[in-house]
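Listed below, chain by chain, are the residues.
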Amino acid sequence: MSLRLLLLSCLLSCCAWSHAAGSAAKPRNVVLVTLDGVRVQEMFGGADIAVMKHLARGAPLDGNASYQRYWAPSAEERRARIMPFLWGTLLRQHAWIAGDPAKRSHVEVTNRFHTSYPGYAEILTGRAHDEVIVDNKEQRIPVPTVLEFARRELQLPRSAVAAFSSWDLTNSFAEQEPGTITLNAGFAAYASGDPALRALSAAQDEMVAWDGSRFDYITERFALDYLKRERPRLLYVLLGDTDEVAHDGRYELLLQSLRHADHFLEELWTQLQAMPQYRDNTVLIVTADHGRGKTPDFWGSHDEEIEAAKNIWLVVAAPDDARRGELEGGPTLYQNQIAATIAKALGLDFDRAYPEAGKPIDLHSTP
Ligand SMILES: [Zn+2]
């Protein structure tokens, strides 16, 4: 071995050693956020002119508030008006996004139903359960979730794996064995040392929100407080306003709720980067449980009959992944790969425990 080669190999092994030692000293964290039923059309194209025209029923769009606020000639400008943090900061500096059909990138659900519970079950267990989970009826998830898997495999305290959700049905699908993880869903009270949050928790009982769901703002405040105080290794935040307003046919509110979701992502990312445990040591995954119809008649709907509702999108910020912005081309990614990807980011092998689950997405890349 030449001196140069010796030096090089020493350098390489030193790097490998310090990397291994670094990750042993500072175990990775994962934060998963889902935005219920957000279409690829708004995610990649911003405000959809065909939908706005359809809803205006022939009236000129000039006086339309959503049009004034969010319309721009190019898709890039339009989407950045709705999600300025996602497109202007996160995807430029830290993350990639897959699923834009215009870039030949595709992310799909594998369940047949294109509905919330089947989608969340697929995200959290790594596979569709089409024989059992066919709609949003209340039933206990039939197998352990990746949240439970992570807690057991890493022998973490219950506080270290937490889910905050706007939807009460999350109580049925976040864990197979009730009490395995920290779970706050629907209108559940939240105990905090912060009097403002205690007041917000109490106020939930006085609010008429959605059927079975509270407003995302409340879920977000609780989740951010919990993150700061309890510093979980694995945090899941399920937001639902986007789906509720879409079912109500309120396109202007859909755009507003996406705008709010973007603000939450900004707050979340800023808080993560401000805490030594999380800074540059956290895998952030943002995705949707299902898409919706693509035509102006069906933009609010999603079910088994609506083929386009299988199309979703996926944002990933990972410390070892140098990819930024929109992925172009590449193999189709599937919703059933998310559970194994979360497990792998935490150093766990989901495939060994659940070989029928989707395989992890590789989150190592150089520019
Ligand atoms: Zn829905």
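What counts as what
Residues numbered from 1 in each chain as written. Predicted model: local features only at pLDDT ≥ 70, side-chain atom pairs only at ≥ 80, totals over all residues. Heavy atoms only, no water. Phe/Tyr/Trp six-rings, centres within 6.5 Å; stacked < 30°, edge-to-face > 60°. Helix = DSSP H or I, 4+ residues; strand = E, 2+ residues; numbered from the N terminus. Buried < 20%, exposed > 50% of the residue type's maximum accessible area, 1.4 Å probe, protein only. Lys NZ or Arg CZ within 6 Å of the ring centre and 35° of its normal. Core = buried A, V, L, I, M, F, W, Y, C linked by side-chain atoms within 4.5 Å. Contact = heavy atoms within 4.5 Å. 1 Å grid on protein atoms, 1.4 Å probe; cavity = no way out; pocket = protein on both sides within 12 Å on 5 of 7 lines; lining within 4 Å. Points joined across faces, edges and corners; volume = space filled by probe spheres on them. Nonpolar A, V, L, I, M, F, W, Y, C, P; charged D, E, K, R; others polar. Lys, Arg positive; Asp, Glu negative; His and termini not counted. Salt bridge = Lys/Arg side-chain N within 4 Å of Asp/Glu carboxyl O. Polar contact = N/O pair within 3.5 Å; in protein donor to acceptor, adjacent residues only side chain to side chain. Donors = N, O, S within 2.8 Å, 3.2 Å for Na, K, Ca; no water. Tetrahedral: all angles 85-135°; square planar, octahedral: opposite > 155°, others 65-115°. Pairing = 2+ DSSP bridges. Axes fitted to C-alpha atoms, helices over the stretch in contact; angles between N-to-C directions.

A. Local environment of the packing of aromatic side chains. The full count for this structure, using the stated rule, is 14 aromatic pairs. Judged by centre distance (5.8 Å) and plane angle (75°), the ring pair of F164 and Y190 falls under edge-to-face. Here Y190 lies in the loop between β5 (182–185) and α10 (195–203) and F164 lies in strand β4 (residues 161–165), a separation of 26 residues in the sequence. Classification of F164 by relative accessible area gives buried; the value is 1%. Through successive ring pairs, a cluster of aromatic residues spans Y117, Y120, W167 and F173. The lysine or arginine in question, R79, covers the ring of W87, its NZ or CZ lying 3.7 Å from the ring centre.

B. Just the nonpolar core, in detail. Ranked by internal contacts, the top residues of the largest apolar core, which has 108 residues, are V33, L35 and W313. It is helix α13 (residues 251–274) that provides the largest number of residues to this core, a total of 10 residues. Look past the residues within four positions of W313 in its chain and what remains in contact with it is L35, V38, R39, V40, M43, F44, A98, G99, V107, V286, T287 and A288.

C. Representation of the layout of surface pockets within the structure. In this structure, the second largest pocket spans a volume of roughly 210 Å³. Together, 13 residues line the second largest pocket, and N136, W167, S213, D243 and E244 are the ones closest to its centre. The element that contributes the greatest number of residues to the lining of the second largest pocket is helix α12 (residues 241–247), accounting for three residues. A breakdown of the residues in the lining of the second largest pocket according to their chemical character gives two nonpolar, seven polar and four charged.

D. How the structure looks around the side chain of R214. With respect to the element layout, R214 can be found in the loop between α10 and α11 (216–230). No salt bridge is formed by the buried R214. Its closest oppositely charged neighbour is D216, at 7.2 Å. Within the structure, the side chain of R214 is placed 2.6 Å from the side chain of N184, a separation counted as a polar contact. In this structure the side chain of R214 is engaged in a polar contact, spanning 3.0 Å, whose partner is the side chain of Q204.

E. Structural view of the pattern of salt bridges. Under the definition given, this model contains 20 salt bridges. Ionic pairing is found between E252 and R250, a salt bridge with its closest N-O pair at 2.6 Å. Taking the relative accessible area as the measure of exposure, E252 reaches 31% and is therefore partly exposed. Salt-bridge contacts for R259 lead to D262; the nearest nitrogen and oxygen are separated by 3.9 Å.

F. Up close: the coordination of the zinc ion. Ligation of the zinc ion by protein atoms is provided by D243 (OD), D243 (OD), H247 (NE2) and H302 (NE2), these donors lying 2.1 to 2.5 Å from the ion. Here the zinc ion is ringed by four donor atoms whose angles at the metal span 54 to 152°, and the overall shape comes out irregular. The sequence motif formed by the donor residues of the zinc ion is D-x3-H-x54-H. Of this pair, H247 sits in helix α12 while H302 sits in the loop between β7 (282–287) and β8 (311–312), and the two are 55 residues apart along the sequence.

G. Seen up close, the environment of D62. Along the polypeptide, D62 turns up in the loop between α3 (49–56) and α4 (65–70). Sequence separation between D62 and V31 is 31 residues; the distance between their C-alpha atoms is 40 Å. Those residues within four positions of D62 in sequence are excluded, and the remaining contacts are Y67 and Q68.

H. Just unusual backbone geometry, in detail. Not every positive phi belongs to a glycine, and R104 is a case in point at roughly 55°. Notably, D280 is not glycine yet its phi reads approximately 55°, a positive angle.

I. Region of interest: the sheet that holds strand β11 (residues 333–334). Taken in spatial order, the three strands make up an open sheet running β8-β3-β11, and their pairing is mixed. In this open sheet, the two edge strands, each paired with only one partner strand, are β8 and β11. One ladder, built from two bridges, connects strand β3 (residues 107–108) with β8; its direction is antiparallel. Its bridge partner being in β8, E108 is matched across the sheet by N311.

J. Broad picture of the environment of E230. Here E230 lies in helix α11. Note: C-alpha distance between E230 and S159 (71 residues apart in sequence) is 6.8 Å.

K. Representation of the sheet that holds strand β2 (residues 95–98). Reading across the sheet, the eight strands line up as β5-β4-β6-β1-β7-β9-β2-β10 and stay open at both edges, with mixed pairing between neighbours. Among the strands making up the open sheet, the edge pair consists of β5 and β10 (325–326). In this structure, β2 lies alongside strand β9 (residues 314–317), joined through four bridges in antiparallel fashion. Bridged to I97 within β9 is V315. Along the sheet, α11 contacts β4, β5 and β6 (234–239); its crossing angle with β6, the most-contacted strand, is approximately 170°.

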